[in-house]
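Chain residues, written in single-letter form:
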Amino acid sequence: MAIYIAGTMALVPINAWGAELSSNYHQRSRVAGSRVVFGIGGTLVALLLIDNSDNAALQASLTAIALLVAVSLAITVPVAMRWVPDQSQAMAAGNNLRGALRLLVRPSPFRRLLLAFLLNGVANAIPATLFLLFVTHVLAEPAMAGPILFLYFVCSAVSVPVWVWASRRLGKHQTWCAAVIGSCLFFAGTPFLGAGDTTWYVTIVIGTGLMIGADLALPGAINGDLIEWDAHENNQRRPGLFFALWGTASKLAYALAVGLIFPLLDFIGFDATASNTPDTVRTLALLYGVPSILFKLAAVALMRRFPIDEAEHRRIRLALAERPDEDHRHADTSLHGKALQRALDGAVPRTLTPYEWQQWYAEHGVPASHRDGSQNSRAPWWQFWKRRPAR
């Protein structure tokens, strides 16, 4: 319980920190995708360590997981605090309950995205809630639950880089919508499955697992892009508040799924501990797939023509960079934001690739500090043998 609560508390700063590492539209997708892949990797390790053959084995495996988490955090947290940059500036103004309520009440891209994320979260939580019941009572293969779940997470992890790559070509919200529609197509087959149809179900699990990689990586990256929208429209940078509401929606989705599905199971007379009639089992299969499809289609409808795409995000960043702001409260302080500000100010870049340096010299000329023979001569980093020692 303590680990679960601590993990929930850590979600907000981790997500906000990742979003603030870069204000670049596509770099945010790569950061979010990397976080998701490592998160799924941890889930797979935990699945491998779980042994629920009896109570003693289960207790021992949970203890091993707790120790692994404690040791891993003791190593990785200091490394992240030491080497991962965190120089972005958040604002105290608006980071309160009133500010959160205003974001939820007023029509905005954030409210639209959050509602779509919530609906899609409910759609994903319903089959997750019914998974064991479906495998046990519909497929009549309870022993396959563990391997199927493991396969699902593997497919999710493998697909994340592909979806990040696709979002660079198609755009984030377009790619996410395509993946959600793909999940609907796979889920459409679940109501027709019955006892012994394990092969067909594994096919559906592989397909939905590949689609879910976009669900895990892209919505959070889109939410990160709205940090600049908030600074531009509301003169406030509130990544913590945005991802706090994001985390609330994620938890609320599972609560809504349980509150919706379990009363329906009682209504149809389903009993998880006894034998059920064929009609009841068929209704369970329908509840597994049909509500998820409806919620996902509603999410897609909300994200249709979402206003913050790559071009609009670039326009917002340029507007923020050009905005006079002496105290830098609203300035983009991410690594990409600082580089953009230096470019707009006409300053000499600090970090370019050799090819980019050649292009920059051709367009702007070689500055005095980079010329041989000048007092501050300093060759580019890749020509380290030409650098003169400091006197």
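All of these numbers come straight from a predicted model, not from anything done at the bench.

Tallying secondary structure elements over the protein chain gives 13 helices and zero strands in all. When the helices and strands of the protein chain are listed from N to C terminus, the series reads α-α-α-α-α-α-α-α-α-α-α-α-α. The buried share among the 391 residues of the protein chain stands at 40%. Contacts in the protein chain between residues at least 24 apart in sequence constitute 75% of all its contacts with a sequence separation of at least 6. Counting every atom, the protein chain has about 21500 Å² of accessible surface; 65% of that belongs to carbon and sulfur.

With that settled, the discussion passes to the confidence of the model for the protein chain. Taken as a whole, the protein chain shows an average pLDDT of 85; of its residues, 84% reach a score of 70 or greater. Averaged pLDDT values over the elements of the protein chain bottom out at 56 in helix α12 (residues 335-344) and peak at 96 in helix α7 (residues 172-187). Considering only residues more than four positions removed or in separate chains, one finds that residues 373-377, a stretch of pLDDT under 50, has eight contacts.

Relative to the helices and strands, His313 is located in helix α11 (residues 310-322). Given the relative accessible area of 1%, His313 is considered buried. With sequence-adjacent residues up to four places away left out, His313 is seen in contact with Ser23, Tyr25, Arg28, Asp225, Glu228 and Ile308.

Attention now goes to the pattern of salt bridges. Scanning the model with the defined rule gives nine salt bridges in all. The partner of Arg28 in a salt bridge is Glu228, and the shortest N-O contact between them spans 2.8 Å. You can see Arg28 sitting in helix α2 (residues 25-49) and its partner Glu228 sitting in helix α8 (residues 198-234), a full 200 residues away along the chain. Where Glu228 meets Arg237, a salt bridge forms, and the shortest distance between an N and an O atom there is 3.7 Å. Each of the two residues, Glu228 as well as Arg237, counts as buried.

Here is what the cut-offs are and how they apply
Residues numbered from 1 in each chain as written. Predicted model: local features only at pLDDT ≥ 70, side-chain atom pairs only at ≥ 80, totals over all residues. Heavy atoms only, no water. Helix = DSSP H or I, 4+ residues; strand = E, 2+ residues; numbered from the N terminus. Buried < 20%, exposed > 50% of the residue type's maximum accessible area, 1.4 Å probe, protein only. Contact = heavy atoms within 4.5 Å. Areas by Shrake-Rupley, 256 points an atom, 1.4 Å probe, with all protein chains shown as cover. pLDDT = per-residue confidence, 0-100. Salt bridge = Lys/Arg side-chain N within 4 Å of Asp/Glu carboxyl O.

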